[in-house]
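So you can see what is in the structure, the chains are spelled out below.
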Amino acid sequence: MSFFIKGKQQNGVKRAKYSATKIKKRKLTDTPKKSKKQDEEITSSEDEDIFEDKSGDYSLSEDEQETAQEKKLRLAKIYLEEIEKEEKARRDDKEVDEAVISKRLKEDYLKETGKLRLQVASKYTKLDENIQTLKCREQHKTITCICISSDNKYVFVGSKDGVVVKYSLSDCKRIGVIPFVKNSQGEVLGHNSEIFSLAISSDSKYLAVGTKCSDVYIWDANTFKFIKKFQGHKKGITGLCFKRDSHTLYSCSKDRTAKVWSLDEMAYVETLFGHQDVISSIDALYKDRLVSCGGRDLRMWKIPEETQLIFNGHIGNIDNVKLINEDTFVSGGDDGQICIWSMTRKKPLCVINNAHGVDTNTKQPFWISAIAALHNTDLIASGSNDGFVRLWKMENNFKNHSLIKEIPVEGFVNCLQFTTDSKRLVVSVSKEHKYGRWTTIKSARNCLKILTFLVNND
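We now turn to the structure provided with this report.

Thresholds, definitions, all that
Residues numbered from 1 in each chain as written. Predicted model: local features only at pLDDT ≥ 70, side-chain atom pairs only at ≥ 80, totals over all residues. Heavy atoms only, no water. Patch = residues over 30% accessible without salt bridge, like charges linked within 9 Å, V, L, I, M, F, W, Y side chains within 5 Å. Areas by Shrake-Rupley, 256 points an atom, 1.4 Å probe, with all protein chains shown as cover. Salt bridge = Lys/Arg side-chain N within 4 Å of Asp/Glu carboxyl O. Helix = DSSP H or I, 4+ residues; strand = E, 2+ residues; numbered from the N terminus. Buried < 20%, exposed > 50% of the residue type's maximum accessible area, 1.4 Å probe, protein only. Pairing = 2+ DSSP bridges. Core = buried A, V, L, I, M, F, W, Y, C linked by side-chain atoms within 4.5 Å. Contact = heavy atoms within 4.5 Å. Axes fitted to C-alpha atoms, helices over the stretch in contact; angles between N-to-C directions. Polar contact = N/O pair within 3.5 Å; in protein donor to acceptor, adjacent residues only side chain to side chain.

What follows deals with a nonpolar patch on the surface. Residues Tyr79, Leu80 and Leu105 make up a contiguous nonpolar surface patch of about 230 Å² in total accessible area. Positionally, leucine 105 belongs in helix 5 (residues 98-113).

On to the pairing of strand 23 (residues 379-383), then. Each regular strand shows side chains that alternate between the opposite faces of the sheet. When you tally the buried positions in strand 23, you get 5 out of 5 residues, the bulk of the element. Burial of strand 23 is two-sided: the residues Leu379, Ala381 and Gly383 facing one way and the residues Ile380 and Ser382 facing the other way are all buried. Bridge count for strand 22 (residues 370-373) against strand 23 is 4 bridges, and the pairing is antiparallel. In the sheet register, alanine 373 faces strand 23, and the bridge partner there is isoleucine 380.

Core analysis: the biggest nonpolar cluster contains 22 residues, and Leu416, Leu425 and Phe453 have the highest contact counts within it. When residues no more than four places from it in sequence are discounted, the contact partners of phenylalanine 453 are Tyr124, Lys126, Leu127, Leu391, Ile407, Phe418, Lys423, Arg424 and Leu425. If you look at the next biggest cluster of nonpolar residues, it comprises 16 residues, including Ile143, Val163, Val426 and Ile450.

So, about the sheet that holds strand 6 (residues 195-200). With antiparallel pairing, 4 strands are arranged side by side in an open sheet as 6-7-8-9. Pairing within the sheet leaves two strands with one partner each, and these edge strands are strand 6 and strand 9 (226-231). Between one strand axis and the next, the sheet turns by 20° as a mean value, whatever way the strands run. The pairing of strand 7 (residues 206-211) with strand 8 (residues 215-220) spans 5 bridges and is antiparallel. What sits directly across from tyrosine 206, in strand 8, is aspartate 220.

Looking now at the environment of serine 369. For serine 369, the location among the structural elements is in the loop between strand 21 (350-352) and strand 22. Sequence separation between serine 369 and valine 413 is 44 residues, and the spatial gap between their C-alpha atoms is 6.3 Å. Ignoring anything within four residues of it in the chain, the contact list for serine 369 reads Asn320, Gly383, Ser384, Val413, Asn414 and His433.

Take the sheet that holds strand 1 (residues 132-134) next. On the basis of which strands lie adjacent, the open sheet formed by 4 strands has the order 1-28-27-26 and antiparallel pairing. Here the strands that pair on one side only, and so sit at the sheet edges, are strand 1 and strand 26 (412-418). Ignoring which end each strand starts from, the neighbouring axes of this sheet average 20° apart. Bridge count for strand 26 against strand 27 (residues 424-430) is 6 bridges, and the pairing is antiparallel. Residue pairing across strands places leucine 416 opposite valine 427, the latter belonging to strand 27.

Inspection of the secondary structure puts threonine 257 in the loop between strand 11 (248-253) and strand 12 (258-262). Overall, threonine 257 belongs to the buried group, its relative accessible area being 9%. A distance of 2.8 Å separates a polar atom in the side chain of threonine 257 from a polar atom in the side chain of aspartate 255. Among residues more than four places away in sequence, those in contact with threonine 257 are His233, Ser251, Cys252, Thr271, Leu272, Phe273 and Ile279.

Okay, here's the thing in C-alpha cells:
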C-alpha cells in the first residue's frame, strides 16, 4: 500500500475537501448561503475593511522596519563592541588596535568551524607551586564529576553523597550547596541518590545533574532553584553535556541509550540507539554532533543526518572521551591506552600505550580514569591512580605525541577540566574510582585541586 493515499486520513486527521481560501470566506461571512459572485464581493470588501483597520491602528517596531542588511550590520557592530570590551579587560584597559580584533574574529570563526589549531602545549611546563585544595564537609564520599562555568568564575562538584557544591574559583570559597534529601516528598529540595554527572550551559543559566536513579535534574545555576526533572532513562545517568552556545542537552545512561533534550521548551527531543553496552561518557561542541563511548563502542553521532560513525581501536573498555575540536577527539580506557581519533578514519591517528605505566602488583596497565583536552590546541591531560596527572603534547597533526609534564597527585583522578582561559586545570581526586571500589587508596583525600600554569596567552 502506498504511503501517500489521496483522499484518505493522514496522521489520524481527515483531509479537508475545501481550499484555504474557501474556508477563509466562510469564516468571514456569517450569513446564510449565497451565490459564488455575492460571496466573492462580500469577502473582498470585508478584507479591505480589516486591512484598513489594521493599517490605521498598527505601528511597526524599529526591528520590523529595518531591512535584513541593516539588522546584520547592527548585530555585527554589537559583536565587535563586545569583543573590544573583552580584549580591553584581558589587556588591563590598554588600547586595542584593529589587528587584535581581526585576529580574534578569525580565531572565533575557525573555532566554530573546527579548523582552529593552536600550538600551545610547550608553554605548559611551569606550574604555580601554590596548589589550591577545595574540600567541603558535606562531601566526604567519592567525588565523581565537576563542571566549570564558561566565565571561569565557578566550579560545581558532584559526589556519591548526592550533594552538589558550588565554589568560587577566584577566592576558592564555597558559594552554595544542593543537599542530599532522603525520601523527599512534594517540593524538590535536593537529590536522593548518588550523582555521576554534571553539565552547565554556556550562558551559565542552567545546571544539569545526572543521578544514579535515572533522573536528570535541571537547576538555576545562580540561585540553585529547582526548575525541572527529566525522566526517560531506565538506569543511572553516566554523562551529561550541553551543545555550545545553546540550551540543547545530551545525556547518556547505563541503559545503553543517549537522549537529546531541549531546555528552551523543557522537553524531550529524541533517543539515540546503537550502543551494545553501558555508555560511560559523551561530549559535544558547537555542531550537532555527539561523541560517545561505552564498553568497546566508540561512536560519533551526526544528529541532523540521523547517522553514526563507529570507530575501532581499544582492546579494553573505553571509559572516557573528549572532543579536541569538531573533527578530532581523544579517548581513554581500562587498557591503559590513550587514542587520538579523526572523523575521517576508523582507526586511531595515534595510540599512547601504557600511558600511566603498569601496576607492579597486578601486572596490568593503570586505567585511564580521566581525560581533558584544551579545545582547538595540541594539549591533552590524563589521570589515573598511579599518583600523577600527565600532560601530553600532540605533534605532526595529532599523529605523534610527547610527554611534557608529570604533576604528582595522590588518589584516583576521576575528573579533569581546563578553564576556558586555559590557565588552570581542575582535578577531582578521591580514594576510589567513581563507579566502584575495586581499589582503595586510604592515604588519599576526597577533594578538588586547582592547578595554575604560568603561561602568557597574549
